[in-house]
Amino acid sequence: MIDDLIGIFGRENVGVDEKDILAYSYDASDVEGRPLAVVWPKSAKQVSRLMDYSVKNVIPVFPRGAGTNLSGGAVPFKGIVVDFSRMNNIISISGGSVVVEPGVVLEDLEKELNGRGMTLPVLPASDKACTVGGCVAEDSAGMRAIKYGTMRDWVLGLEVVLPDGRIIETSDLSFVGSEGVICLITKATLKIAPKPEARSLTVVEVGTFREVQEKLFYYLDKKASSIELVSARINHIIKRPLGSRNTIVVEFEDASGDITDPREVSRITEHRKTISSQLASEGYVMVEDPRVPLEKTAEFLEEIDRLGIPCYGHLGYGVLHPRFMNVSDRRRIADVVLKVGANPVGEHGIGVLKKALKTKDWLVPLKREYDPKNVLNPGKVFPGGVVPDVQEVRTCVLCGMCRSRCPVFKALLTESVSPRGMAIFIEKGLKDTVFWEKCSQCRACDGVCPMSAELSRKIRDRREQLIKEGVETPGNRVMMENVRKYGNPFGKTAEGKGPKELYCC
Ligand SMILES: Cc1cc2nc3c(=O)[nH]c(=O)nc-3n(C[C@H](O)[C@H](O)[C@H](O)COP(=O)(O)OP(=O)(O)OC[C@H]3O[C@@H](n4cnc5c(N)ncnc54)[C@H](O)[C@@H]3O)c2cc1C
Ligand code: SF4
Ligand code: SF4
């Protein structure tokens, strides 16, 4: 198999050693798998050749964007992971649309668009890391869904590779939200909109969930572009709370909110995005994503709170996120979801975790037609199949946000040199000598990590430990000596400049 994959992708785009296998065994959910190999395609043609090969040999294929999925959808079980991170070109921007490869990160795209006065207004809280391909495959929603809908509303056309190897151009929206089970998305044409001239926020705190619901309807009437909730229970759990009571963050696309300073608006918006990872770092690693009818908001929140389960989410869009530590809570939450008539899968997809709760009926005939041998993302979406292991990694919560800042990851675009990859290796005791050398100790990952995992320090400690154990390469030792002597791995002094200014990306 390795030679066949190298024949298609080239040696540098095939990973089969333990570091690749481990780094790609997870996504951001609590599910653990294990692939046989990882490939990094550069073109739809290569993906097509892979599908020919996989169908002939009945080897499962698992598409992957940034691995920020929260339902286990990107976790592989004994097959080939197709990591689209190296297909990350913005091909063209013209008028009201943009054409991109699937591995383009949403935040990178947004920066490029904003520079031209445009925006793709779908804003998942994972936008720093998640990719266009992953968001189309999940039909992701996010913080502005009340005004702008979900990814489906922004897709004009797709290029996809079908399991039989055909590459087709389509405007059929059945491929949106298909969770990697019927096609691999290799190109997307997306609608874009003019960027609003201003954004402002109002932050309100209320005591009861009845008041939360009242505020929700009040701000919907005011045409808010985003209404987000962080419950009092959460504010009491996390280290960096947004308030002390039930806190609602309302965004307007004009200057009508109380907070108009763009830096403060951005600071609070970014802070809101960290809630998921902050909760995970306190042990609340599991999450649900029901879409609750708006008039049932208070009832849902009261019932969930009565169970002692913290909850936050996209209040205006009705997608709420109960967070919990014990699998048994999943059943208790499902009962409340059923009681209030909510859709159990609001935005995170079915993956492996929601197979018992929801079906995507429209995918059933398409799966039968396109993938009769079930080679594409098997074990996902449809009932039956794999019962996943629960992950043991606790060094970090695997959210993947550090991918957006680590210069080594950005240069090499493989999970095995990302801070997240290294967190997995620390946890699993991997002693491979090469990847430890790559970290430049720039500390950029620490700046973005919502759970303050301090990966740079842990990597440095791990290097020290490996050297002490005699596991080293020449570079490893030289680098550690430089870190000790100069505070940076390059052995240079810099007058008036600390290592962070010098080496941060
Ligand atoms: C901190 C945090 C906050 C989040 N907030 C939100 C939110 O506000 N709203 C929201 O909707 N989600 C949210 N999510 C969930 C997640 O970010 C989204 O599901 C996102 O769309 C996944 O994108 P990705 O690039 O990471 O894809 P992955 O996680 O790698 O993959 C997701 C699914 O898409 C498939 N896939 C990926 N790329 C392709 C492709 N090119 N072709 C075919 N299939 C593909 C995979 O097989 C998998 O089933 C959040 C996650 C985290 C960790
Ligand atoms: S310290 Fe810098 S190079 Fe090292 S893992 Fe963190 S971001 Fe990457
Ligand atoms: S190191 Fe921090 S940012 Fe990176 S995956 Fe872990 S928790 Fe997320």
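The rules we used
- Residues numbered from 1 in each chain as written.
- Chains lettered and ligands numbered in written order.
- Predicted model: local features only at pLDDT ≥ 70, side-chain atom pairs only at ≥ 80, totals over all residues.
- Helix = DSSP H or I, 4+ residues; strand = E, 2+ residues; numbered from the N terminus.
- Buried ≥ 20, exposed ≤ 12 C-beta atoms within 10 Å, placed from the backbone.
- Contact = placed C-beta atoms within 7 Å.
- Near = placed C-beta within 6 Å.
- Nonpolar A, V, L, I, M, F, W, Y, C, P; charged D, E, K, R; others polar.
- Axes fitted to C-alpha atoms, helices over the stretch in contact; angles between N-to-C directions.
- Parallel < 35°, antiparallel > 145°, perpendicular 65-115°, else oblique.
- Left-handed = near helix turned anticlockwise from the far one by under 90°.
- Domains from an automatic or database assignment.
- Pairing = 2+ DSSP bridges.

Asks: Would you mind going over the overall build of the protein chain with me for this structure?
Replies: The number of helices and strands found in the protein chain is 20 helices and 19 strands. Taken along its principal axes, the extent of the C-alpha atoms in the protein chain is 65 × 60 × 50 Å. Sorting the 505 residues of the protein chain into buried and exposed places 51% on the buried side. Here the analysis covers contacts within the protein chain between residues at least 6 apart in sequence; of these, 71% occur between residues at least 24 apart.

Asks: Whenever I open this one, the site of ligand 2 confuses me. Can you help?
Replies: The local shell around ligand 2 holds 15 residues, among which C406, C439, C442, C445 and S456 are the closest. If you list the elements that add at least two residues to the shell around ligand 2, you get α14 (407–412), α17 (444–448) and α18 (455–468). For the shell around ligand 2, the residue count by class is 10 nonpolar, 3 polar and 2 charged.

Asks: What is the right way to look at the packing of helix α15 (residues 419–428) against α18 in this model?
Replies: The packing of two helices is summarised by the inter-axis angle and the distance between the axes. Put simply, α15 and α18 touch, their axes get as near as 10 Å, and they point 50° apart. In terms of orientation, α15 lies oblique with respect to α18. Between α15 and α18 lies a crossing whose hand is left-handed. Across the interface between the two elements, P419, M422, A423 and I426 from α15 touch L455, K458, I459 and R462 from α18. Each residue belonging to the contact of α15 with α18 can be placed in one class, and the counts come to 6 nonpolar, no polar and 2 charged.

Asks: Where do I start with the environment of C130 in this structure?
Replies: Tracing the backbone through its elements, the reader meets C130 in the loop between β8 (118–119) and α5 (132–138). Of the residues examined, C130 has 27 C-beta atoms within 10 Å and is grouped as buried. As a C-alpha pair, C130 and V105 span 25 residues in sequence and 5.6 Å in three-dimensional space.

Asks: What is the right way to read the site of ligand 1 from this model?
Replies: Close to ligand 1 lie 38 residues, the nearest being G65, G73, G133, G134 and G180. Broken down by secondary-structure element, the contributors of at least two residues to the shell around ligand 1 are β4 (61–64), α5, β11 (184–191) and α10 (275–281). When its residues are assigned to classes, the shell around ligand 1 shows 17 nonpolar, 16 polar and 5 charged.

Asks: What exactly am I supposed to notice about the domain arrangement of the protein chain here?
Replies: Often, the extent of an interface is quoted as the loss of accessible area on bringing the components together. With domains assigned, the protein chain is organised as domain 1 (2–84 + 362–390), domain 2 (86–194), domain 3 (200–339) and domain 4 (401–503). Taken together, the contact pairs 5 residues of domain 2 with 5 residues of domain 4. Here the side of domain 2 that touches domain 4 is composed, by residue class, of 2 nonpolar, no polar and 3 charged.

Asks: When you look at the environment of V16 in this model, what are you seeing that I'm missing?
Replies: Of note, V16 is situated in the loop between β1 (14–15) and α2 (18–23). Residues V16 and K56, 40 residues apart in the sequence, show an inter-C-alpha distance of 21 Å.

Asks: Even after reading the chapter, I still don't get the sheet that holds β11, so can you show me in this structure?
Replies: As a general point, the strands of a sheet are linked pairwise by backbone hydrogen bonds and lie either parallel or antiparallel. With respect to topology, 5 strands assemble into an open sheet ordered β6-β7-β11-β9-β10, the strand pairing being antiparallel. On the outer flanks of this sheet lie β6 (90–94) and β10 (167–170), each paired with one strand and no other. Direction aside, the axes of adjacent strands within the sheet are offset by 10° on average. Across 6 bridges, strand β9 (residues 155–161) lies against β11 in antiparallel orientation. Following the sheet pairing, V160 is matched in β11 by I185. Helix α3 (residues 44–57) contacts β9, β10 and β11 of the sheet and is inclined by roughly 50° relative to β9.

Asks: Could you clarify how one ought to interpret the sheet that holds β4 in this entry?
Replies: With mixed pairing, 4 strands are arranged side by side in an open sheet as β1-β3-β5-β4. At either margin of the open sheet sits one strand with a lone partner, and together these are β1 and β4. One ladder, built from 3 bridges, connects strand β3 (residues 37–39) with strand β5 (residues 80–83); its direction is parallel. Each bridged residue has a counterpart across the sheet, and for V39 the counterpart in β5 is V82.

Asks: I keep staring at the pairing of strand β17 (residues 311–314) and nothing clicks. Help me out?
Replies: Here 2 bridges tie strand β14 (residues 226–230) to β17, and the two strands are oriented antiparallel to one another. From the neighbouring strand, V230 faces β17, where its bridge partner is Y312. Direction of pairing for β17 relative to strand β18 (residues 319–324): antiparallel, over a ladder of 4 bridges. Paired with G313 across the bridge in β18 is L320.

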